[in-house]
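An overview of the molecular structure
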Amino acid sequence: MTTVYERNPPVGPGVHVLAIGVGRYPYLIGGSGRLTNNPLGLAQLSSPPVSVKAVIDWFLASLVAPGTAGFANPVTSLGSVEGLASSDAPVSVASAGGVVQLEPATRDNIQDAFERWLAGLTSDDANIGVFYFCGHGVMVADHYLLAEDFGRSNAVPWERAFDMSNTLRAVEREAKGALYFFVDACREVSKDIALTLGANPSALKAVDLKKQVARRSTSLIEATGEGKLAFAVEGKVSRFTEALLTAMSGYCGVRGPGSPTWDVDGETIASAVRRLLEKGNKTAKRRQVSDQAIGGDSVPLLRLQAPPLVKVELDLIPEPMRALARMYLLSAKGVLHDHDGANGAFVTEVPRGMYVVGARALAQEFRDLTLEDQDLIPPFFDLTLQVQP
Amino acid sequence: MKTLTVSLNYSSTEYSPTSTQHQTPLALPLRVLDADGSLVAEGVASSSIPAQFDISHVDGPAFVRLTWPSGKTQTQRVDVKEGGAAQVSFNDSSINRNEWSAWAVPRLGERTSLASSQDAPNLRIDKFDRVWLRMWTFENSVWLPSLVETRASYQNDSARQLDFELNNRCWLLQIGGANVPWRFVALPGGGTCRVLLTPNESDDPRAEPLNVVVTSFRRDAETLLEFLARDSLSAANSVAKFQPLAQQLLADKTEDPVSAIAGAYFLLRTEGWRRIPPSWFDNLYQSFPWLADPAVIRCVLLIRQGVSLDNDVSTATSLLQTCLSRGVPVFSEGLSLLQEAASVLRSASGSARKGAFDQVEHLVASQAWAGAALSFYGATPDKPSPERMVGLPAKARPVTRRKSIAKTSRASAGVDITTTGFTFLRDLK
């Protein structure tokens, strides 16, 4: 078992995390075991172990090193973290009690970890559950995720996978708080092939139809569109997970009327992740998108003390004019951020809010450019000002 | 005290045929923010009712942000002195290039050429002249194809728009072409319906080359569903609090069942259904047997409130089958609920993938995007398929050649789609 963290004493509402990363698949292409009869074209992955470690590190950051950017919620603090990772090299994370080596994400280990997670999640009506998975997945109508030992048996290969969609529907009937499911799984098995697979993996918990849907909210945020690949640079945190962690690290949030904190709920995270992936698509060789399904009330996962930041990239064309310009952002509160265009584009970070955005010519080489009342919404704002000939 | 009045002067979006029965005004969500971007107040303005805000506790300027279903926002600054009142007005000058197409702009991407006066050569609709269209209607449990018959059509460089008068049945518009995958888009029956086709400007890798936008002039209900389709729940909640819309839509169901369905979908998504008398949903299901959506709404309601008897599982399964025996839902939200219902009922009963369960699985796997309207890929409505085909009906070919689909495209419901009529987009008058 890999309980990475457990709040002691476990009183009051908490956020309970189950994080799973599967990169090693012994029975799939390139694996160390006997190749399964139908590997579906799926091979080993280098990103999931790195990605799951990044997620767990992020949740534990403020416990391990107070003041570090990471999970923050003064109302619902971290309750527990369960972690599993499958990789050729062991995956370890630093917890408040020392370094913990994660156990492999076999189907049995996933089941055990899930049951511990669910017990923690249902211990208080105001608890929040976070489920994170990075690895292979197959999308038919529902989403099936593959454990490390998928394909161990040729007779029942799907026995070592699980039905994420029905797992979520089952948890919705057990937990009364909010649920956040982040699924970073490639779905490159085409749907017409997937329909003929005869796949029928069980859920981690059967849906009990006698119970009513009890949860307050569900936020399911998934990497890639259906039938598309989830992308990662070899051995690095995947693009989706990177966008997710960036968004949650102070680059999204809304402060409601009278609220002392900037709150981050599923809709806010989904929007920020989508925009970050879209921004990455401008330079990436392959484009990636995300999907989401949000339902119920808004229950924040994070409550931040400081306003969220906006990554700004302000440029000016034609390029020769940029060197003659002073670009600036003037907040509605009167705070000026400016930049000498001779040093290139203006790349900075500012608190969200309303700004005047513009550029002045150092020696009247062009008429000043001014855009009033620009609404700088996290996570980023990019704009290219154009000097008219 | 400082008061703020925000009006929405979007008169061009009201343009509609005289035969329209269920027309309602456009209502869009507003957020009032302070200089930090903190939320001060939320509300909704419609083209007939302005929004009123008390912004007494705002120190300094306030900013009013209007949000379209597409996600585009428009923000205006306002300075209000203590004891004063201010007015802000959002107008449609940026979207009314053509009055007839203005309604669709808030649902399209923010850079749509429909909102631009500049010609975009690569986004001209005449590139799609050889796109073909065909109507399908569900009669006596069978999907029947027919030629497209329009009441009116409109055209500019970047869009074609078609008006239909549809009776009380399930309707699908099928489109396809050499580079346009064959897909169906559900049209709401029981009145006037308008479809706008325009080149897709999205850089989403899933986007199809031709965008299809549908309205039946129920602008409040459609706005609600467009926000739901994009998971913009905070905006949907604002729109729904306006009057309050969802309960009213459902209470008025005998007048307009399509709007009632929109209200029910919103209540199911936001858990508001618990406040609604179950008999309202029952009446919606009983009174309009030509609509598939009420059956799946009632089915999911039964499942979500927890079944008390084994009999309830049979009832829920029967409702799922009834939904499919009525055709397909009008809205994409209905497909999400079909998936939820089929999946939990199949797993709870240990049933095999056959019958209604198999049908739903194929429909979900074949889903396409048309905003709030249900859309799916396939050659005939009864054989949805995730494998995308392009070409003329008699020359179907898969987008990626994994296997021959000629046989699939011909053998369905006794309808030979290679000989069934179709109309090229360029020929529609």
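Residues numbered from 1 in each chain as written. Chains lettered and ligands numbered in written order. Predicted model: local features only at pLDDT ≥ 70, side-chain atom pairs only at ≥ 80, totals over all residues. Heavy atoms only, no water.

What chain A contains, in helices and strands, is seven helices and 20 strands. Computed over the C-alpha atoms, the radius of gyration of chain A is 23 Å, within 12% of the 21 Å expected from 2.2 N^0.38 for a compact globule of 389 residues. The principal-axis extents of the C-alpha atoms in chain A amount to approximately 75 × 45 × 40 Å. The proportion of buried residues among the 389 residues of chain A is 57%. (Helix = DSSP H or I, 4+ residues; strand = E, 2+ residues; numbered from the N terminus. Rg over C-alpha atoms; globule rule 2.2 N^0.38 Å. Buried < 20%, exposed > 50% of the residue type's maximum accessible area, 1.4 Å probe, protein only.)

Turning next to the overall build of chain B. Helix and strand counts for chain B come out as 10 helices and 19 strands. Taking the principal axes of its C-alpha atoms as reference, chain B extends roughly 75 × 60 × 40 Å. Expressed as a percentage of the 429 residues in chain B, the buried residues total 61%. Surface exposure of chain B reaches about 16100 Å², of which carbon and sulfur atoms provide 46%. Of note, chain B has its 44 positive side-chain charges centred 7 Å away from the centre of its 43 negative side-chain charges. (Areas by Shrake-Rupley, 256 points an atom, 1.4 Å probe, with all protein chains shown as cover. Lys, Arg positive; Asp, Glu negative; His and termini not counted. Charge placed at Lys NZ, Arg CZ, Asp CG, Glu CD.)

We now examine the sheet that holds strand β10 (residues 152-156) of chain B. All names here are of chain B. One open sheet holds the four strands; their spatial order is β10-β11-β14-β15, and the pairing between them is antiparallel. Among the strands making up the open sheet, the edge pair consists of β10 and β15 (210-215). For this sheet, the mean angle separating the axes of adjacent strands, direction not counted, is 15°. Where β10 and strand β11 (residues 159-166) come together, five bridges link them in antiparallel fashion. Each residue of the ladder has a partner; that of S153, found in β11, is L162. (Pairing = 2+ DSSP bridges. Axes fitted to C-alpha atoms, helices over the stretch in contact; angles between N-to-C directions.)

All names here are of chain B. Judged by pairing direction, the sheet is mixed, and its three strands sit side by side in the order β4-β1-β7 without closing on themselves. Sheet topology places β4 (51-54) and β7 (85-91) at the edges, where each strand pairs with a single neighbour. Adjacent strand axes in the sheet meet at a mean angle of 20°, parallel and antiparallel pairs treated alike. Of the strand pairs in this sheet, strand β1 (residues 3-9) and β4 are connected by four bridges, and their pairing is antiparallel. Directly across from L4, in β4, lies its bridge partner F53.

Residues and elements named next belong to chain A. Within the fold, E82 resides in strand β3 (residues 77-86). In this structure the side chain of E82 is engaged in a polar contact, spanning 3.1 Å, whose partner is the side chain of T3. Excluding residues that lie within four positions of it along the chain, E82 makes contacts with T2, T3, V17, L18, A19, A113, R116 and W117. (Polar contact = N/O pair within 3.5 Å; in protein donor to acceptor, adjacent residues only side chain to side chain. Contact = heavy atoms within 4.5 Å.)

For the structure shown, the criterion picks out 20 aromatic pairs over all chains. Residues A:W117 and A:F181 carry aromatic rings whose centres are separated by 6.2 Å and whose planes lie at 70° to one another, so their mutual orientation is edge-to-face. You can see A:W117 sitting in helix α2 (residues 107-121) and its partner A:F181 sitting in strand β9 (residues 178-186), a full 64 residues away along the chain. Under the relative-accessibility criterion, A:W117 is labelled buried at 0%. Of note, A:K279 hangs over the ring of A:F380, and the distance from its end group to the ring centre comes to 5.0 Å. Residue placement shows B:R426 over the ring face of B:F424; its charged tip is 4.8 Å from the ring centre. (Phe/Tyr/Trp six-rings, centres within 6.5 Å; stacked < 30°, edge-to-face > 60°. Lys NZ or Arg CZ within 6 Å of the ring centre and 35° of its normal.)

On to the pairing of strand β5 (residues 62-67) of chain B. All names here are of chain B. Along β5, six of the six residues are buried, which leaves the element largely enclosed by surrounding structure. Covered by surrounding structure in β5 are A62, V64 and L66 together with F63, R65 and T67, the residues of both alternating faces. As paired strands, β5 and strand β6 (residues 73-78) are joined by six bridges and run antiparallel to one another. Within the sheet, the bridge partner assigned to T67 lies in β6 and is T73. In textbook terms, the turn of a hairpin is the stretch between consecutive antiparallel strands, and for β5 and β6 this stretch comprises five residues, one of which, G71, has a positive phi near 105°.

On to the packing of helix α5 (residues 239-248) of chain A against helix α6 (residues 266-281) of chain A. Residues and elements named next belong to chain A. Packing of α5 against α6 brings their axes to within 9 Å, and their N-to-C directions diverge by 125°. When the interaxial angle is binned, α5 and α6 end up oblique. Both α5 and α6 take part in a crossing whose hand is right-handed. Residue-level contacts link R239, F240, A243, L244, T246, A247 and M248 of α5 to I269, A272, V273, L276, L277, G280 and N281 of α6. (Parallel < 35°, antiparallel > 145°, perpendicular 65-115°, else oblique. Left-handed = near helix turned anticlockwise from the far one by under 90°.)

What follows concerns the interface of chain B and chain A. Every contact between the two is made by 49 residues of chain B and, on the other side, 48 residues of chain A. Across the chain B/chain A interface, buried area totals approximately 4400 Å², and carbon plus sulfur atoms make up 49% of it. Our count for the contact surface shared by chain B and chain A stands at five salt bridges. A salt bridge links B:E271 to A:R215, with the nearest nitrogen and oxygen atoms 3.3 Å apart. Here chain B and chain A share 24 residue pairs in polar contact (both at pLDDT 80 or more) between them. Among the elements that line the side of chain B that touches chain A, the one with the most residues is helix α8 (residues 332-349) of chain B, at eight residues. (Buried area = accessible area lost by both parts, 1.4 Å probe. Salt bridge = Lys/Arg side-chain N within 4 Å of Asp/Glu carboxyl O.)

Backbone phi values are negative for most residues with the exception of glycine, while trans is the configuration of most peptide bonds. Residue A:P9 is reached from A:N8 by a cis peptide bond, and omega for that bond is 0°. Within the secondary structure, A:P9 is located in the loop between β1 (3-6) and β2 (14-22). The peptide bond linking A:P378 to A:P379 adopts the cis configuration, its omega dihedral lying at 10°. If you trace the backbone, A:P379 turns up in the loop between β19 (369-376) and β20 (380-386). The phi angle at B:D231 is positive, at roughly 60°, despite the residue not being glycine. Secondary-structure assignment places B:D231 in the loop between α1 (219-229) and α2 (233-241). Take B:D231: its relative accessible area is 7%, and that puts it in the buried class. Notably, B:E271 is not glycine yet its phi reads approximately 65°, a positive angle. Mapped onto the elements, B:E271 comes out in the loop between α4 (257-269) and α5 (278-287).

With that settled, the discussion passes to the side chain of A:H339. Residues and elements named next belong to chain A. Note that H339 resides in strand β16 (residues 336-340). Within polar-contact distance, the side chain of H339 engages the backbone oxygen of A345 at 3.2 Å. In this structure H339 touches A325, R326, M327, G344, A345 and F346, once residues within four positions along its chain are discounted.

We now examine the nonpolar core. A general trend in soluble globular proteins is that nonpolar side chains are found buried together. In this structure, A:I56, A:F182, A:I269, A:L301, B:L320 and B:L338 are the most contacted members of the largest nonpolar core, which totals 121 residues. No other element matches the nine residues that α4(B) contributes to this core. In contact with A:I56, not counting residues within four places along its chain, are A:V4, A:A19, A:V81, A:G83, A:V93 and A:L102. (Core = buried A, V, L, I, M, F, W, Y, C linked by side-chain atoms within 4.5 Å.)

This part is about the packing of helix α6 (residues 293-304) of chain B against helix α7 (residues 310-325) of chain B. Residues and elements named next belong to chain B. Two elements in contact, α6 and α7, have axes whose closest approach is 8 Å; the angle formed by their N-to-C orientations is 160°. By the angle between their axes, α6 is roughly antiparallel relative to α7. When you trace α6 past α7, the crossing you get is left-handed. Across the interface between the two elements, A295, V296, R298, C299, L302 and I303 of α6 pack against D312, T315, A316, L319, L320, T322 and C323 of α7. The residue makeup of the contact of α6 with α7, split by class, is nine nonpolar, two polar and two charged. (Nonpolar A, V, L, I, M, F, W, Y, C, P; charged D, E, K, R; others polar.)

So, about α5(A). Each α-helix turn comprises 3.6 residues. Residues three or four places apart therefore point the same way. Residues and elements named next belong to chain A. Across the 10 residues of α5, eight count as buried, placing the element largely inside the fold. Of the residues making up α5, those classed as buried are R239, F240, T241, A243, L244, L245, A247 and M248. At the C-terminal side of α5, G250 shows a positive phi close to 100°.

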